[in-house]
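# Structural features, examined
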Amino acid sequence: MRAADLIIKKRDGAAMTGEEIQWLIHSYLKNEVPDYQMAAWLMTVFFSSMNAKETAALTLAMAHSGRMIDLSAVPGIKVDKHSTGGVADTTTLILAPLVAAAGVPVAKMSGRGLGFTGGTIDKLEAIPGFQATLSEDIFKANLLRHGIAITGQSPEIAPADGRLYALRDVTGTIESIPLIASSIMSKKIAAGADKILLDVKVGSGAFMKDLNQGISLATAMVQIGQQVNRETVAVISNMDEPLGQAVGNSLEIKEAIEVLSGHGPVALRNVCLLLGAHMLLLAQKVSSVEAGEELLKKLIENGEALRKFRDFIAAQSGNSQITTEPALLPQASLVETVVSPIGGYVQQIDASFIGYCAMLLGAGREKKGDTIDLSAGLVLHHRVGDKIEEGEPLITLHGNKQDMIHIVSDKVKQAIVIKENRIVPPPLVLGIVDQNGFRPS
């Protein structure tokens, strides 16, 4: 085979075989196909797209390009969960111990954030002493003993995806549904999950800006799951406003503790209950989503969910006292509350702009390699639809740089629209995509 021939074939809209895709990925990893040819092929995919079989073949080629984690020694159906990301998306921190407390093993490889706030690993590293990089042996041992383990993504997992993503990032080929879907699913498959739950975010604070884009991405990933015999279900959720009230790493850990303790924001709790119920359903632990939600509520009420979180933290060398003493988490030296300039009803909270303000305070990375301030961020006091009085607290800022606190305190009010008329809050969950297609909520 020749890379040039495959570029031309895809350029002309023809479907590639699984063997051709495997050869191309394998040869690229061996540096037998240069970057300029792979970049050309990525651009042909960007414009010509790929069918379901091609996308599945690309996914498997990338998954098998490195180490494949074998979790067969761990009893039960292992269900992985992946979120496409968003502002105040604290779901993994809550879901992992909550679902594990229900007896379903949760083994996750998570990443760091680039953009508004930290990723799951950054957030967990706000816990004093927490070890986010585990050897495969310790990862499996923790999973066997505690039913839960989370570690940073290893460069040995799907290395082809890492190289392709870096190339896509500089060649204008990021926004391709088959390339996004295969990138996500290759890592999930390599990490050893039996079944996969996806939380696909759509809205101003997400990568997918509208529902149709979200459905397209969710459908592509569910179809990959079908093609490779990994049952996959996608929940499409709203990210036009931040999911939680806290935006920032240690602040989100604190909020996760509140939810696991039976408190915290109702919206975040409800989305986590729904996602967790789908995980239990995939694991055949319950017979319906409703039964799953009831079981998870009981685990919060009886303290088992928080106990599992505490055990998980201790197993990875973190200070589990944070579950009762959140002041042990990194604390910002400056805390300033921004009040509402007018009274009325909250019409809109721009999640993207809220995330940008959190990043200015130090909670996220503007470019790869930037250092995150784990104590920085902000806390919202209202959601869309809430009534607010003039002078009432709107947002509390946490940071360590007075000049940036001053800048953000002026900017952040632009993210929230307040008017006199009452409105009905938009739904948090927009629909489900499974093997039967999309069904709205």
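Structure report, in brief.

### A word on the pattern of salt bridges
- Counting across every chain of the model gives 21 salt bridges.
- A salt bridge links aspartate 35 to arginine 163; the shortest N-O distance between them is 3.9 Å. With aspartate 35 in helix H3 (residues 35–48) and arginine 163 in helix H8 (residues 159–169), this residue pair connects regions lying 128 residues apart in the sequence.
- The class of aspartate 35 is partly exposed, set by a relative accessible area of 41%.
- Between aspartate 161 and lysine 187 there is a salt bridge, with its nearest N and O atoms 2.9 Å apart. A residue pair is termed long-range when its members are at least 10 positions apart, and aspartate 161 in helix H8 and lysine 187 in helix H9 (residues 177–190) qualify at 26 residues.
- Overall, the relative accessible area of 7% leaves aspartate 161 in the buried class.
- Ionic contacts of the salt-bridge type, sharing partners, join the residues Arg67, Glu136, Lys140 and Glu156 into one network.

### As for the packing of helix H1 (residues 3–11) against helix H2 (residues 18–29)
- Taken N-terminus to C-terminus, the directions of H1 and H2 make an angle of 130°; their axes are 11 Å apart at the nearest point. Of the possible angle classes, the one that applies to H1 and H2 is oblique. Crossing of H1 over H2 shows left-handed handedness. Contacts from Ala3, Leu6 and Lys9 of H1 reach H2 at Glu20, Trp23 and Leu24.
- For the contact of H1 with H2, a count of residues per class yields 4 nonpolar, no polar and 2 charged.

### Quick look at the sheet that holds strand E8 (residues 344–349)
- Strand order in the open sheet formed by 3 strands is E10-E8-E12, with antiparallel pairing between adjacent strands. Edge positions in the open sheet fall to strand E10 (387–388) and strand E12 (416–419), since each of these has one partner strand only.

### Observations regarding helix H4 (residues 52–63)
- Along its 12 residues, H4 runs 16 Å from first to last C-alpha, staying within 8% of the 16 Å computed at 1.5 Å per residue.
- Where burial is concerned, most of H4 is hidden: 9 out of the 12 residues are buried.
- Along H4, the positions that sit buried rather than exposed are Glu54, Thr55, Ala56, Ala57, Leu58, Thr59, Ala61, Met62 and Ala63.
- On its buried face, H4 is in contact with H1, H2, H3, H8, H9 and helix H10 (211–227).

### Remarks on the sheet that holds strand E1 (residues 79–83)
- Taken in spatial order, the 5 strands make up an open sheet running E1-E4-E5-E13-E14, and their pairing is mixed. Among the strands making up the open sheet, the edge pair consists of E1 and strand E14 (437–440). Between one strand axis and the next, the sheet turns by 20° as a mean value, whatever way the strands run.
- Bridging between strand E13 (residues 429–434) and E14 involves 4 bridges; their strand directions are antiparallel. Its bridge partner lying in E14, isoleucine 432 is registered against arginine 439.
- Here helix H12 (residues 266–282) sits on the sheet in contact with E1, strand E4 (195–202), strand E5 (232–238) and E13, set at roughly 155° to E4.

### Regarding the packing of H4 against H10
- Close contact between H4 and H10 brings their axes to 9 Å; oriented N to C, the two are set at 75°. Relative to H10, H4 is oriented roughly perpendicular. Two secondary-structure elements touch here, H4 through Ala52, Lys53, Thr55, Ala56 and Thr59 and H10 through Gln223, Ile224 and Gln227.
- For the contact of H4 with H10, the per-class residue count stands at 3 nonpolar, 4 polar and 1 charged.

### Topic: the side chain of threonine 59
- Inspection of the secondary structure assignment puts threonine 59 in helix H4.
- Here threonine 59 falls in the buried class, since its relative accessible area comes to 0%.
- Not counting residues within four places of it along the chain, the set of residues in contact with threonine 59 comprises Ser182, Met185, Ser186, Ile189 and Ile224.

### Focus: the environment of proline 393
- You can see proline 393 is positioned in strand E11 (residues 393–399).
- Separated by 30 residues in sequence, proline 393 and alanine 363 place their C-alpha atoms 21 Å apart.
- If near-sequence neighbours (up to four positions away) are discounted, proline 393 is found in contact with Thr337, Val338, Val339, His381, His382 and Ile388.

About the thresholds
Here the residue numbers are simple positions, counted from 1 along each chain's written sequence. Local features in this predicted model are restricted to residues whose pLDDT is 70 or higher, and side-chain atom pairs enter the listing and the counts only when it is 80 or higher, whereas totals over whole chains, interfaces and linings include all residues. The side-chain quantities take in all heavy atoms of the structure and omit both hydrogens and water. Counted as salt bridges are all cases of a side-chain nitrogen of Lys or Arg within 4 Å of a carboxyl oxygen of Asp or Glu. Secondary structure elements are defined from DSSP: runs of H or I of at least 4 residues count as helices, runs of E of at least 2 residues count as strands, and each element is numbered from the N terminus. Partly exposed residues are those whose accessible area sits between 20% and 50% of the maximum for their type, while under 20% is buried and over 50% is exposed, using a 1.4 Å probe and protein chains only. Comment: axis = line fitted to C-alpha atoms, over the contacting stretch for helices; angle = value between 0 and 180 degrees taken between N-to-C directions. In this scheme, roughly parallel covers angles under 35 degrees and roughly antiparallel covers those over 145, while 65 to 115 is roughly perpendicular and the rest are oblique. Left-handed describes a crossing whose near helix is turned anticlockwise from the far helix by less than a right angle; the clockwise case is right-handed. A contact between two residues is defined here by any heavy atoms of the two lying within 4.5 Å. Residues were grouped as follows: Ala, Val, Leu, Ile, Met, Phe, Trp, Tyr, Cys and Pro as nonpolar; Asp, Glu, Lys and Arg as charged; and all remaining residues, including Gly, as polar. Paired strands are those between which DSSP finds at least two bridges. Expected span of a helix, by definition, is 1.5 Å for each gap between consecutive residues, and there is one gap fewer than residues.

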